[in-house]
Amino acid sequence: MTDPDRQVRNRYFAIVAARIGGSAGALLGLVLIARADATVPKVVGTALVLSALLMIAIVPRALARRWRTPPGDE
């Protein structure tokens with residue numbers, strides 16, 4: 001595998017890892033909300049779910065935009 005191919009593969013894996021990490025965080029927050037009896041853990045779980053969903057929405061798009069091929073280099 002050539003060096004540019006490895007770079008593309010590693011960047012793809014980074015984007016996928018960001019999505020999986022956000023999904024895992026959202027799942028952890030949902031479990032925390034479901035098992036909590038007090039208000040504070042429910043608030044923390046809700047914050048975790050919201051931040052994880054924000055991560056799923058923003059981080060992969062930002063990475064793809066950062067690593068986009070410039071228009072003249074195709």
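Our subject is the structure that appears above.
Each chain carries its own residue numbering, running from 1 in the written order of its sequence. pLDDT decides what is reported in this predicted model: residues at 70 or higher carry local features, side-chain atom pairs at 80 or more are listed and counted, and totals for whole chains, interfaces and linings draw on all residues regardless. Note that the side-chain values use all heavy atoms of the structure and ignore hydrogens as well as water.

A short note on the overall build of the protein chain
For the record, the criterion: In DSSP terms, a helix is any run of H or I states spanning at least four residues, a strand is any run of E spanning at least two, and both are numbered starting from the N terminus. Every radius of gyration here is taken over C-alpha atoms, with the globule rule written as 2.2 Å times N^0.38, N being the number of residues. Should any heavy atoms of two residues lie within 4.5 Å, those residues are considered in contact. For the area figures, the Shrake-Rupley method with a 1.4 Å probe applies, and any residue is considered shielded solely by the protein chains shown. Charge convention: Lys and Arg are scored as positive, Asp and Glu as negative, and His as well as the terminal groups of each chain are ignored. Where a charge sits is defined by one atom per residue type, namely NZ (Lys), CZ (Arg), CG (Asp) or CD (Glu).
Scanning the protein chain from terminus to terminus reveals two helices and zero strands. The C-alpha radius of gyration computed for the protein chain amounts to 17 Å, which surpasses the reference 11 Å derived for 74 residues by more than 25%, pointing to a less compact arrangement than a globule. For the protein chain, the spread of C-alpha atoms along the principal axes amounts to about 55 × 25 × 10 Å. Considering only intrachain contacts with a sequence separation of at least 6, the fraction spanning at least 24 residues in the protein chain is 54%. Counting every atom, the protein chain has about 5800 Å² of accessible surface; 64% of that belongs to carbon and sulfur. Treating the 10 positive side-chain charges of the protein chain as one cloud and the 5 negative ones as another, the clouds have centres 8 Å apart.

Regarding the packing of aromatic side chains
Quick note on the threshold: Stacked, edge-to-face and tilted are the three classes for Phe, Tyr and Trp ring pairs, Trp counted by its six-membered ring, which pair at centre distances within 6.5 Å; planes under 30 degrees apart are stacked, over 60 edge-to-face, the rest tilted. Buried residues are those whose accessible area, probed at 1.4 Å on protein chains only, stays under 20% of the maximum for their type, while exposed residues exceed 50% and partly exposed ones sit between those limits.
Under the defined criterion, the tally for this structure stands at one aromatic pair. Centroid distance tyrosine 12 to phenylalanine 13: 6.0 Å. Interplanar angle 50°. Geometry classified as tilted. According to the relative accessible area criterion, phenylalanine 13 is partly exposed, its value standing at 48%.

Some points on helix H2 (residues 39–66)
The following threshold applies: Each residue after the first adds 1.5 Å to the expected span of a helix. The angle between axes fitted to the seven-residue stretch ending at a residue and the seven-residue stretch beginning at it gives the bend at that residue.
Taking 1.5 Å as the rise per residue, H2 with 28 residues should run 40 Å; its terminal C-alpha atoms sit 39 Å apart, in good agreement. A maximum bend of about 30° is found in H2 at methionine 55.

Quick word on the environment of glycine 22
Position of glycine 22 among the secondary structure elements: in helix H1 (residues 3–35). You can call glycine 22 buried: its relative accessible area is 0%. Filtering out sequence-adjacent residues up to four positions away, glycine 22 remains in contact with Ala52, Met55 and Ile56.

Regarding the environment of proline 70
Structurally, proline 70 can be placed in the segment after H2. Each C-alpha atom, one on proline 70 and one on glutamine 7, is 16 Å from the other, the two residues being 63 residues apart in sequence.

Considering the environment of alanine 36
With respect to the helices and strands, alanine 36 occurs in the loop between H1 and H2. If we ignore the near neighbours within four places in the chain, the residues touching alanine 36 are Pro41 and Lys42.

Considerations on a nonpolar patch on the surface
Using the following cut-off: Each patch groups residues whose relative accessible area exceeds 30% and which form no salt bridge, using 9 Å between like charges and 5 Å between nonpolar side chains of Val, Leu, Ile, Met, Phe, Trp and Tyr. Put simply, a salt bridge is a Lys or Arg side-chain nitrogen that is within 4 Å of an Asp or Glu carboxyl oxygen.
Together, Leu27, Leu30 and Val31 give the surface a local cluster of nonpolar side chains, amounting to about 270 Å² of exposed area. Following the sequence through the fold, leucine 30 ends up in helix H1.

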